[in-house]
Amino acid sequence: MAVPKRKTSKSKCRMRKRSHESVVRAAKACPECGAPQQPHRVCAACGQYNGKQVLTVETD
Ligand SMILES: [Zn+2]
């Protein structure tokens, strides 16, 4: 059975695993409250989507 000649270095291992990460999620500011928000998702801070109140969010 073929065996690797050398241990994979931390650097090489991390370089490889870096490519397994999912696509970097672009965060944009919510037009209502300005909090960072994922595109095409309801804003977690104010509960609005596309200018409409979708979720009721508890505020302190
Ligand atoms: Zn918001």
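Residues numbered from 1 in each chain as written. Predicted model: local features only at pLDDT ≥ 70, side-chain atom pairs only at ≥ 80, totals over all residues. Heavy atoms only, no water.

1. Some points on the coordination of the zinc ion
Here is step 1: Every protein donor of the zinc ion is listed here as Cys30 (SG), Cys33 (SG), Cys43 (SG) and Cys46 (SG), and their distances to the metal cover 2.2 to 2.3 Å.
Here is step 2: Note that the zinc ion binds four donor atoms; their angles at the metal cover 106 to 117 degrees, and the shape is tetrahedral.
Here is step 3: Mapping the donors of the zinc ion onto the primary sequence gives the spacing C-x2-C-x9-C-x2-C. Taken together, the residues Cys30 in the loop between strand E1 (28–29) and strand E2 (36–37) and Cys43 in the loop between E2 and strand E3 (48–49) connect sequence positions 13 residues apart.
Here is step 4: Note on Cys30: relative accessible area 5%, which makes it buried. (Donors = N, O, S within 2.8 Å, 3.2 Å for Na, K, Ca; no water. Tetrahedral: all angles 85-135°; square planar, octahedral: opposite > 155°, others 65-115°. Helix = DSSP H or I, 4+ residues; strand = E, 2+ residues; numbered from the N terminus. Buried < 20%, exposed > 50% of the residue type's maximum accessible area, 1.4 Å probe, protein only.)

2. A closer look at the side chain of Gln48
Here is step 1: Here Gln48 is to be found in strand E3.
Here is step 2: Here the side chain of Gln48 touches Gln53 through a polar contact of 3.1 Å, side chain to side chain.
Here is step 3: Beyond its immediate sequence surroundings of up to four residues, Gln48 is in contact with Glu32, Gln37, Val42, Cys43, Gln53 and Val54. (Polar contact = N/O pair within 3.5 Å; in protein donor to acceptor, adjacent residues only side chain to side chain. Contact = heavy atoms within 4.5 Å.)

3. Overview of the environment of Ser9
Here is step 1: Relative to the helices and strands, Ser9 resides in the segment before helix H1 (10–18).
Here is step 2: For Ser9, a relative accessible area of 38% puts it in the partly exposed group.
Here is step 3: Within the local environment of Ser9, its side chain forms a polar contact with the backbone nitrogen of Lys12, the two atoms lying 3.1 Å apart.

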